[in-house]
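Working through the structure, step by step
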Amino acid sequence: MGKETNPKPNYEILAYITLNQNRVISGNVLALLATDEEEQKQITQDISKSMKADVTQLKCGDYMVYRT
């Protein structure tokens, strides 16, 4: 038999913080539009600290807050 896989990912994306309003889409994830880079960083830090979550900065400059 093949290896059984769990269809549910082992992480949960909690927030997506961007400066580009075209990347704010609806869905289950909190998507926030910041006005500048300083605000973007501060929002990201505040959310990740309060939710005890990890942060990844994407190549496009956006931040993703997630929990494993």
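Residues numbered from 1 in each chain as written. Predicted model: local features only at pLDDT ≥ 70, side-chain atom pairs only at ≥ 80, totals over all residues. Heavy atoms only, no water.

1. Thoughts on the pairing of strand 1 (residues 12-18)
- Counting buried residues along strand 1, five of its seven residues qualify, which places the element largely inside the surrounding structure.
- With five bridges joining them, strand 1 and strand 4 (residues 63-67) adopt antiparallel strand pairing. Bridging across to strand 4, A15 finds its partner in V65.
- Pairing analysis gives four bridges linking strand 1 to strand 2 (residues 30-33), with the strands arranged parallel. Paired with Y16 across the two strands is A31, which belongs to strand 2. (Buried < 20%, exposed > 50% of the residue type's maximum accessible area, 1.4 Å probe, protein only. Helix = DSSP H or I, 4+ residues; strand = E, 2+ residues; numbered from the N terminus. Pairing = 2+ DSSP bridges.)

2. A word on the pattern of salt bridges
- What the rule picks out here adds up to one salt bridge.
- Across the salt bridge formed by R23 and D62, the nearest N and O atoms sit 2.6 Å from each other. You can see R23 sitting in the loop between strand 1 and strand 2 and its partner D62 sitting in the loop between strand 3 (54-57) and strand 4, a full 39 residues away along the chain.
- Judged by relative accessible area, which is 32%, R23 ranks as partly exposed. (Salt bridge = Lys/Arg side-chain N within 4 Å of Asp/Glu carboxyl O.)

3. Details of the environment of Q40
- Mapping Q40 onto the fold places it in helix 1 (residues 37-50).
- Using a relative accessible area of 3% as the deciding quantity, one classes Q40 as buried.
- Between the C-alpha atom of Q40 and that of N28, which follows or precedes it by twelve residues, the distance is 20 Å.
- Apart from the residues lying within four places of it in its own chain, the contact partners of Q40 are I17, T18, L19, A34, G61, D62 and Y63.
- Side-chain polar atoms of Q40 contact the backbone oxygen of I17, separated by 3.1 Å. (Contact = heavy atoms within 4.5 Å. Polar contact = N/O pair within 3.5 Å; in protein donor to acceptor, adjacent residues only side chain to side chain.)

4. Looking at helix 1
- The end-to-end C-alpha separation of helix 1 is 20 Å, in line with the 20 Å expected for 14 residues at 1.5 Å each.
- When we look at burial in helix 1, the residues that qualify are Q40, T44, I47 and S48. What you see down the axis of helix 1 is that its buried residues fit within an arc of 95°, all on one side. Opposite the packed face of helix 1, turned more than 90 degrees from it, sit the exposed residues E38, K49 and S50. (Expected span 1.5 Å × (residues − 1). Arc of directions from axis to C-beta.)

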